[in-house]
Structure formats: structure tokens, C-alpha cells
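# Remarks on the overall topology
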2 protein chains.
Amino acid sequence: MPGLTIGDTIPNLEVDTNQGRIKLYDYIGDSWTIIFSHPGDFTPVCTTELGIMAAYASKFAERGVKLLGLSCDDVKSHNEWIKDIEAYTPGSKVTYPIIADPNREIIKQLNMVDPDEKDSSGNQLPSRALHIVGPDKKVKLSFLYPASTGRNMDEVVRALDSLLKASKHKVATPANWKQGDPVVISPSVSNDQAKEMFPNGYQTIDLPSKKDYLRFTNV
Amino acid sequence: MPGLTIGDTIPNLEVDTNQGRIKLYDYIGDSWTIIFSHPGDFTPVCTTELGIMAAYASKFAERGVKLLGLSCDDVKSHNEWIKDIEAYTPGSKVTYPIIADPNREIIKQLNMVDPDEKDSSGNQLPSRALHIVGPDKKVKLSFLYPASTGRNMDEVVRALDSLLKASKHKVATPANWKQGDPVVISPSVSNDQAKEMFPNGYQTIDLPSKKDYLRFTNV
């Protein structure tokens, strides 16, 4: 199945949301944005996911990151369902817009179709897709989960922290990295450059190959 | 960019690995399998990732899950690099095969190309793609991370536990779920069916919509 993937530029779609009609590029502006789909309103996993997204709103806001939900239900349904989400996650408000895609056109263009899931009328449904889109409107990272697996919003925050760090410094984050852990210096940076770029120094791991590619630092 | 996505059946490719030539379907057999690519041998993030995959080998084995790595380097390179991985992650052995794809054909067919990353000769490189493939050879879940973000293998294990649970019971796992937490009953299960299927009972959350769709149980 063809589909948007990392590195691709998202199309500048004009979409209906529960907060009015928006153009994707206008909404994203110069921010990092998380666009995430869910199979349907008034379904169990989705209610827990959008509730946690609302509860984590301050974590995303303090990182300057915008949120944008999407399902194939209409705006009226979104507005009714939000009452359930907020009741299930007390103290949280769904302040981010949710796209309404009853014609199933947007989910195709954003690679959010679940080929296995259909609603009771046989219509296609979105998967639990989540794209982290950069200020350049390109997809930087994608999660594609099936309907049965609720996403882990802590992993979304972790991945976002990695992307933000790599956008500021010539570094990458190792496996299982968490904010505050050491990072690795990109292979494109020579040792001489690394000394200038990272004045607090770095540690090179001694490996059997004697190739000095595994260099840790803190930024 | 076209690409394999969730719900698609992976092609039955015959591939070279550091453990010899294999056909994907023969290797997968009746198991769940994690196929994961990395941009290159002798690079920093990849070394930490494959080390953690080796360290977590027993977690995957006890779940009956097979591992299969992939990069565009050749078998000789893989074998040399494994010495570095094992030195960096003491006590761990890279017992899973790593596909060698120097012609960049397999990464295209498995949707593992990073459109932004090129090697020093201008050749395409794989992203940090990870597909969880079911015994039916279909992609159940995909992570597509850029070169700068090392994956979180705890999230891989979490997602796998969710998929395995949903393959055995008519349940799904809520957002941020971890093994041992309550699960939700699938919307396709009526309340009468739920009483039979879950003899220990379930809890229905009271929501403003008065729709009884959010039902928690333990299995």
C-alpha cells in the first residue's frame, strides 16, 4: 500500500476540525507537530489515548509542540465524545483540534488507513498512526499501531526530546535513551570538530575494531 | 513514497545473513518476528541498539519471538561489527541473524529506506524501521525512526505483549498500558458475551454519553 513515510513532506490539506476549518501548514506554522489518528470516537482505547494526550498537554506545550488528532467521525461526534474523554481523565481538557474525516480522504493522504479494520458499514478506518512533523512540514518519525494496541505517550515524549536535541546539536540518542542521559556524537563530526563543538569533552568507547565511532557527550 | 505498511503481507524474500542464506517465511515459521533495520555497521546508535537487542534476547525468547536485523553492509562487515557490539554490551551475544543488503533491494521491499540519509558514496541507507510480523506473515505494527533517534526496546516489548494478548483474547490495551495492567474489552463483544468470556467480571466506566463502551477486565 502506498503511503507517506519519514522524509516525505505532508500535503497542505484544508481540513474540518472541531475547532473550525484549518489548513495544515497554517496550523503547523514554525512548530513541531504531532498528527495522530484513532479508529473511532466512542471506542475504548481511543478514549484512553486522547485523555492521556490531554493530560500531557503541558508537556507538549513546554516543548513548543502542537497536537492534531484525527478520526473519520464528524465534528458533532467529536464534540460529544470530548465530554466522555474529559470525564474519564479528570482535570484534563481536550484543547487540541481533532480533524473530522467522514469521507476517508485525509487518512489515505496521511497514510493512516488500517487495512484490517472496517466499521459496521464496511467503511475503512484509521489505524493508530502518529507522525511527528517538523517545522519544515516533513515527517520525522512515524508510529503505526493496530487498533488493539494503545500507544505509549511517554515514548512519544521521549522520541520528541531526541528529535529536538538532534535538531539543535550534531548528536543522536542511543537505544533506550531518556532525557538527561548522555548522547552520541554524529559520525559526520570529526574528532577535531567534536573538541570545538563539545567544550565539556566527550568519551570515546574503546572497541575491538579500534574505530573511534562511539563517542558519548552531554548536551 | 510507496511502502509496506501495517496489514500488508511481507514478501518471501531470499536473503543473505551472517548466519547464511534464508527465506523469510522459513525463518518466521509460526512465530512472531521482529524485523529491524539500522543505517550502518560501525555507527554509534546502531551499536547501542543491537547491543540492547542482544541483551533482551531472553525477553524475546520467552515470548517465542524471533529477531532479524538488517543493514546494507555485507556479511563480512556484520561479523566484524558484532565483536564491537558484544564488547560494548558485556555478557550479551548477538545470536540473531543480520541481513546483508549491499544492493539496497531488500530495504525498498520492506519499506526501510530513509529518504534523507545517504552514505559517503551517495547510496541510500535504511532508516531505523522496525516491523512486528505475525505468524501469518503480515505486518502488525511498524516503527519508523530517523537515524538520530535510537529506538526504545522496552516499548518494543510492551507493544509485543499487547499484540500477543490481543491475539489470545478479545481485548485491546489502553494508552500507556504495561503488562499486568487491566485491559479493555473489544467493542465487537456484547455485554452478554463479555460475561461469558470474562468469568472474573469486568468494570464498565460511567461516561456522560451513557454508552457502555469502556469496559476494563484482567486477562
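Computed from a prediction, not measured in an experiment: that's the story for all the values here.

A separate point is the domain arrangement of chain A. Taken domain by domain, chain A consists of domain 1 (14-151) and domain 2 (169-217). If you average the C-alpha positions of domain 1 of chain A and of domain 2 of chain A, the two centres end up 36 Å apart.

Let us now look at the layout of surface pockets. Of the volumes computed, that of the largest pocket is approximately 940 Å³. Lining the largest pocket are 39 residues, with Ser186(A), Asp114(B), Glu117(B), Ala147(B) and Ser148(B) positioned closest to its centre. Listed by contribution, the elements that provide at least two residues to the lining of the largest pocket are β9 (139-145), α6 (153-168), β10 (171-172) and β11 (183-185) of chain A together with α2 (44-55) and β6 (113-118) of chain B. With four residues, the single largest contributor to the lining of the largest pocket is β6(B). In terms of residue class, the lining of the largest pocket is built from 18 nonpolar, nine polar and twelve charged. The volume enclosed by the second largest pocket comes to roughly 800 Å³. Broken down by secondary-structure element, the contributors of at least two residues to the lining of the second largest pocket are α2 (44-55) and β6 (113-118) of chain A together with β9 (139-145), α6 (153-168) and β10 (171-172) of chain B. Across the lining of the second largest pocket, the residue classes break down as 15 nonpolar, nine polar and eight charged.

Residue and element names in this part refer to chain A. A sheet is described by the order of its strands in space; here four strands give the open sequence β10-β11-β13-β12, paired in antiparallel fashion. With one partner strand each, in any of the chains shown, β10 and β12 (203-204) form the two edges of the open sheet. Sheet topology note: the β11/strand β13 (residues 215-217) ladder contains two bridges and is antiparallel. Each residue of the ladder has a partner; that of Val184, found in β13, is Phe216.

So, about the sheet that holds strand β12 (residues 203-204) of chain B. The pairing of strands in a sheet comes from backbone hydrogen bonds and takes either a parallel or an antiparallel form. All names here are of chain B. The strand order across the open sheet formed by four strands is β10-β11-β13-β12, and the pairing between neighbours is antiparallel. One side of each edge strand has no neighbouring strand; the edge strands of this open sheet are β10 and β12. Pairing between β12 and strand β13 (residues 215-217): two bridges, direction antiparallel. By the bridge assignment, Thr204 is partnered in β13 with Arg215.

Residues and elements named next belong to chain B. Two elements, strand β1 (residues 14-17) and strand β2 (residues 20-23), share four bridges in a ladder whose sense is antiparallel. Residue pairing for β2: Glu14 is matched across the bridge by Lys23. From the end of β1 to the start of β2, which pair antiparallel, there are two residues.

All names here are of chain B. Considering the arrangement of structural elements, one finds Gly40 in the loop between β3 (32-37) and α2. As for Gly40 and Asp74, which are separated by 34 residues in sequence, their C-alpha atoms are 10 Å apart. Discounting residues that sit within four places of it in the chain, Gly40 has contacts with Cys46, Asp73 and Trp81.

For a regular strand, side-chain orientation follows a simple rule: the groups alternate between the two sheet faces. All names here are of chain A. The buried fraction of strand β4 (residues 65-71) is high, at six of seven residues. The sheet contact formed by strand β3 (residues 32-37) and β4 spans six bridges and is parallel. Each bridged residue has a counterpart across the sheet, and for Ile35 the counterpart in β4 is Leu68. Bridging between β4 and strand β5 (residues 98-100) involves three bridges; their strand directions are parallel. Bridging from a neighbouring strand, Gly69 pairs with Ile98 of β5.

Our focus in this paragraph is the side chain of Thr89(B). Within the secondary structure layout, Thr89(B) lies in the loop between α4 (75-88) and β5 (98-100). Setting aside residues up to four positions removed in sequence, Thr89(B) forms contacts with Gly51(B) and Ala55(B).

What counts and how
- Residues numbered from 1 in each chain as written.
- Chains lettered and ligands numbered in written order.
- Predicted model: local features only at pLDDT ≥ 70, side-chain atom pairs only at ≥ 80, totals over all residues.
- Heavy atoms only, no water.
- Domains from an automatic or database assignment.
- 1 Å grid on protein atoms, 1.4 Å probe; cavity = no way out; pocket = protein on both sides within 12 Å on 5 of 7 lines; lining within 4 Å.
- Points joined across faces, edges and corners; volume = space filled by probe spheres on them.
- Helix = DSSP H or I, 4+ residues; strand = E, 2+ residues; numbered from the N terminus.
- Nonpolar A, V, L, I, M, F, W, Y, C, P; charged D, E, K, R; others polar.
- Pairing = 2+ DSSP bridges.
- Contact = heavy atoms within 4.5 Å.
- Buried < 20%, exposed > 50% of the residue type's maximum accessible area, 1.4 Å probe, protein only.

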